[in-house]
Structures are given as structure tokens and as C-alpha cells.
Amino acid sequence: MDKYVELARELKMENAMLITNEDIHFDIRANLKCKWGCGDYLSVKCHSRDTTFLERVEMIKRYKRILIVHSHDAHELSKALLELERRAFLDGYYFAFAIRSCNLCKLCSVNSGGQCPTPEKIRPCDQLFGIDVYKTVRSAGLPCEVLTNKDDTQNRYGFLLID
Ligand code: SF4
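Not measured: the values here are computed from a predicted model.

1. A short note on the side chain of S71
- Structurally, S71 is set in strand β2 (residues 66-71).
- Here S71 falls in the buried class, since its relative accessible area comes to 4%.
- Side-chain polar atoms of S71 contact the backbone nitrogen of D73, separated by 2.9 Å.

2. Some details on the sheet that holds strand β1 (residues 15-19)
- Taken together, four strands build an open sheet; the order of strands is β1-β2-β4-β3 and the sheet is antiparallel. The two strands at the open ends of the sheet, each matched to only one other strand, are β1 and β3 (97-99). Across the sheet, the mean angle from the axis of one strand to that of its neighbour is 20°, orientation sign disregarded.
- In terms of strand pairing, β2 meets strand β4 (residues 156-161) through six bridges, oriented antiparallel. Opposite I66, over in β4, you have L161 as the bridge partner.
- Sheet contacts for helix α4 (residues 74-90): β2, β3 and β4; angle to β4, the most-contacted strand, approximately 10°.

3. Description of the site of the ligand
- In the vicinity of the ligand, the residues found are K45, C102, L104, C105, C108, S109, V110, C116, P117, T118 and I122.
- Of the residues belonging to the shell around the ligand, the class tally is eight nonpolar, two polar and one charged.

Definitions and limits used
Residues numbered from 1 in each chain as written. Predicted model: local features only at pLDDT ≥ 70, side-chain atom pairs only at ≥ 80, totals over all residues. Heavy atoms only, no water. Helix = DSSP H or I, 4+ residues; strand = E, 2+ residues; numbered from the N terminus. Buried < 20%, exposed > 50% of the residue type's maximum accessible area, 1.4 Å probe, protein only. Polar contact = N/O pair within 3.5 Å; in protein donor to acceptor, adjacent residues only side chain to side chain. Pairing = 2+ DSSP bridges. Axes fitted to C-alpha atoms, helices over the stretch in contact; angles between N-to-C directions. Contact = heavy atoms within 4.5 Å. Near = heavy atom within 4 Å. Nonpolar A, V, L, I, M, F, W, Y, C, P; charged D, E, K, R; others polar.

In C-alpha cells, the structure reads:
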């Protein structure tokens, strides 16, 4: 598993850390904030794809080994998560899956009402799965604060569900 930590570093991520499903904190209020307050909700990026909240939590709980990936750059993080997912799949972890709000394109055409050119690359956002990211990453010793200024350093997180 350490190879994925190393690979995340090679992909210029700030931090990467292996955790278990027991280290993920779920709170249905994350889903509340997702459904009301996020402009992406019901777009192709964030549609729940006919799964219930409890099903989505159960999906994550099936994974025993999970990689938290931290970056200051949302676009680079999305790219790195997909590459990590690809590498884990090729290593034989056939259920490997990234949880990460899609920032693959520097300018998202979906956000301006257009079509996504690569819908197969969209991965779901952590809020949709009820992950309390603040609590989860802080418990792992990683930084995550509410930003009050647009120039503040962003701490962005994604999760690679490995097996
Ligand atoms: S257009 Fe790009 S950023 Fe937007 S949803 Fe599609 S892949 Fe993601």
C-alpha cells in the first residue's frame, strides 16, 4: 500500500495517508449541505445516480483500505486521484474508486451549462457520500479550516477507495 503514498507524492500531492473505513466520519448533514447550497447538485457531476444515502455510506464501508490525498490545487488533485485509481486497478484492486468532486478541467463546461466531454471520468463528491471531511482529515492530523478569504491557501481532499 505504501506505493500509493509514494505515487501521490510523485504526482505532487502535499500529503497522502492510508486509513481504514473506521477512520471515515460520516454525517448526514454533509449530504444536507450538498443538496441545498451547492450549485452543482443534480448536474451530471453530482447526481446521486439512483442510490440512497445509506447505500452510499455502505459502499464506502465495504473498503478496508483507503488513501486520503491532500493538495492545495483542486485541479491537480482531481487528476492525481484518477491516476491513483487507474494504477490501483491495474495492480489488481478491481474495485478501486476515487471519491473527489470533479475539477479535471480548468474550466468546467458543465458549470456553464454545457456538456461534459468525458463523463466517464467524473467521480462523486465526498459530501454526496456523507463524509464529514473536516472531522475525518483533522482526526488524521491534516489541516482543514473554513476559509474566510479567497486568497487563503486551500486544503483540498480526495479519497482513493482501494479494497
Ligand atoms: S467538464 Fe471537466 S471538470 Fe467538468 S465535469 Fe466534465 S470532466 Fe469534470
